[in-house]
Amino acid sequence: MQNQDYIKDWVKIRNNRVFHCGSLLFENKEADLNKFLKCVYSELNLDYPKFHKMDGLSKLGILASEILFTSNSFSEETALIFSNKSSSLEADRQFQASTESFASPALFVYTLPNIVLGEISIKFNLKGENAFFVSEKFDTELITDYTSALLKEEKAPQAVCGWLNLQNDEYDVFLCLISSRGKTLFSEENLEHLYYFE
Amino acid sequence: MTNLHTELKKSIIEQLNLEDMQVEDIASDEPLFGDGLGLDSIDALELIVLLEKDYGIKLTDPTQGREIFTSVNRMAEFIEENRTK
């Protein structure tokens, strides 16, 4: 019998709301992105000073991953397969603005989208495969195919995959934990359904 | 503690995003790196920028930082000796 992969758990962060497996975990009306992210940080009882030095994209990735990894057991070989539309544009713009006076090294280190994967790997001691794709919209076919191939070829025992976008302080986060155990079959259709409708 | 010490501590907290930390939490003789404040290599670069931006001091030899950034006391001493603004 062919091995099946499942969407074991998922997190969404959108419009001042944090959802875990479809249930509302947190919401507030804070208009400022950084203040909203700090509220979520406090809500999750995080104690990770490095968080405050990160760019918005990394903060979003850390918060979503925190929910997934504290709710589930995970291997250090867990793969991270993320995608978005805006790459690291937000950090790029902030860094560019800083160059008009004194270029900020702390901003410069976030001028690549895959830095968030490194931050998550450091926080959770992950040593597995990772990839960050940039596409116009959430390409469920690409993410499903790539993640399934990694799992099928036993490059990773499980994976966190999805969409992590930030542009002009507007954010859209949808990360899923893919495992050999779960209730929702890992398929393009189910991924799309969870992203758009759940 | 001089005004410069307090000013430096405020700048370090603000520049390095040391959230939840107050001026009084930083001892003037406390190591900034390693076991002290636990700053990292990117923070060291930010401190070099801080010296130039706020005090007009341009470090020509980056290895100087290792000796200057040992504590707030040492930073203040170096600034007093070399500041151009």
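Right above here is the structure, for reference.
Residues numbered from 1 in each chain as written. Chains lettered and ligands numbered in written order. Predicted model: local features only at pLDDT ≥ 70, side-chain atom pairs only at ≥ 80, totals over all residues. Heavy atoms only, no water.

**Considering the packing of aromatic side chains**
Residue and element names in this part refer to chain A.
Then, number 1: For the structure shown, the criterion picks out 15 aromatic pairs over all chains.
Then, number 2: Ring geometry for Phe74 versus Phe124: centroids 6.1 Å apart, planes at 85°, classification edge-to-face. In this pair, Phe74 sits in the loop between α2 (56-71) and β4 (79-84) while Phe124 sits in helix α5 (residues 115-124), placing the two residues 50 residues apart along the sequence.
Then, number 3: A relative accessible area of 32% places Phe74 in the partly exposed class.
Then, number 4: Owing to a relative accessible area of 10%, Phe124 belongs among the buried residues under this scheme.
Then, number 5: An angle of 55° between the planes, with centres 5.3 Å apart, marks the rings of Phe95 and Phe108 as tilted. Linking Phe95 in helix α3 (residues 89-98) with Phe108 in helix α4 (residues 105-108), this pair joins segments that are 13 residues apart in sequence.
Then, number 6: Among the residues examined, Phe95 registers a relative accessible area of 19% and is labelled buried.
Then, number 7: An aromatic cluster of three or more residues is present, and its members are Phe138, Trp163, Phe174, Tyr195, Tyr196 and Phe197.
Then, number 8: A cation over a ring is seen here: Arg14 above Tyr195, with NZ or CZ 4.7 Å from the ring centre. (Phe/Tyr/Trp six-rings, centres within 6.5 Å; stacked < 30°, edge-to-face > 60°. Helix = DSSP H or I, 4+ residues; strand = E, 2+ residues; numbered from the N terminus. Buried < 20%, exposed > 50% of the residue type's maximum accessible area, 1.4 Å probe, protein only. Lys NZ or Arg CZ within 6 Å of the ring centre and 35° of its normal.)

**Comments concerning helix α6 (residues 140-152) of chain A**
Residue and element names in this part refer to chain A.
Then, number 1: In this model, α6 (13 residues) spans 17 Å end to end at C-alpha, consistent with the 18 Å of a helix rising 1.5 Å per residue.
Then, number 2: Restricting attention to buried positions, one finds in α6 the residues Thr140, Ile143, Thr144, Thr147, Leu150 and Leu151. Along the axis of α6, the buried positions cluster into a sector of 140°, meaning they face one direction only.
Then, number 3: Here the buried face of α6 lies against β4, β5 (130-134), β6 (159-167), β7 (170-179) and α7 (188-196).
Then, number 4: Immediately downstream of α6, the backbone of Glu154 shows phi near 55°, a positive value. (Expected span 1.5 Å × (residues − 1). Arc of directions from axis to C-beta. Contact = heavy atoms within 4.5 Å.)

**Concerning the pairing of β6 of chain A**
All names here are of chain A.
Then, number 1: With eight of its nine residues buried, β6 lies for the most part within the structure.
Then, number 2: For β4 and β6, the ladder comprises five bridges, and the chain directions are parallel. Its bridge partner lying in β6, Ser83 is registered against Trp163.
Then, number 3: Across nine bridges, the pairing between β6 and β7 is antiparallel. (Pairing = 2+ DSSP bridges.)

**Remarks on the packing of α6 of chain A against α7 of chain A**
All names here are of chain A.
Then, number 1: Orientation of α6 relative to α7, taken along the N-to-C sense of each, is 130°, at an axis distance of 9 Å. With respect to each other, α6 and α7 are oriented oblique. For α6 against α7, the interelement crossing comes out right-handed. Every residue of α7 that contacts α6 at Thr140, Glu141, Ile143 and Thr144 is listed here: Glu188, Leu191 and Glu192.
Then, number 2: The residue makeup of the contact of α6 with α7, split by class, is two nonpolar, two polar and three charged. (Axes fitted to C-alpha atoms, helices over the stretch in contact; angles between N-to-C directions. Parallel < 35°, antiparallel > 145°, perpendicular 65-115°, else oblique. Left-handed = near helix turned anticlockwise from the far one by under 90°. Nonpolar A, V, L, I, M, F, W, Y, C, P; charged D, E, K, R; others polar.)

**What to know about the side chain of Ser187 of chain A**
Then, number 1: Considering the arrangement of structural elements, one finds Ser187 of chain A in the loop between β8 (184-185) and α7.
Then, number 2: Separated by 3.1 Å, the side chain of Ser187 of chain A and the backbone nitrogen of Asn190 of chain A make a polar contact. (Polar contact = N/O pair within 3.5 Å; in protein donor to acceptor, adjacent residues only side chain to side chain.)

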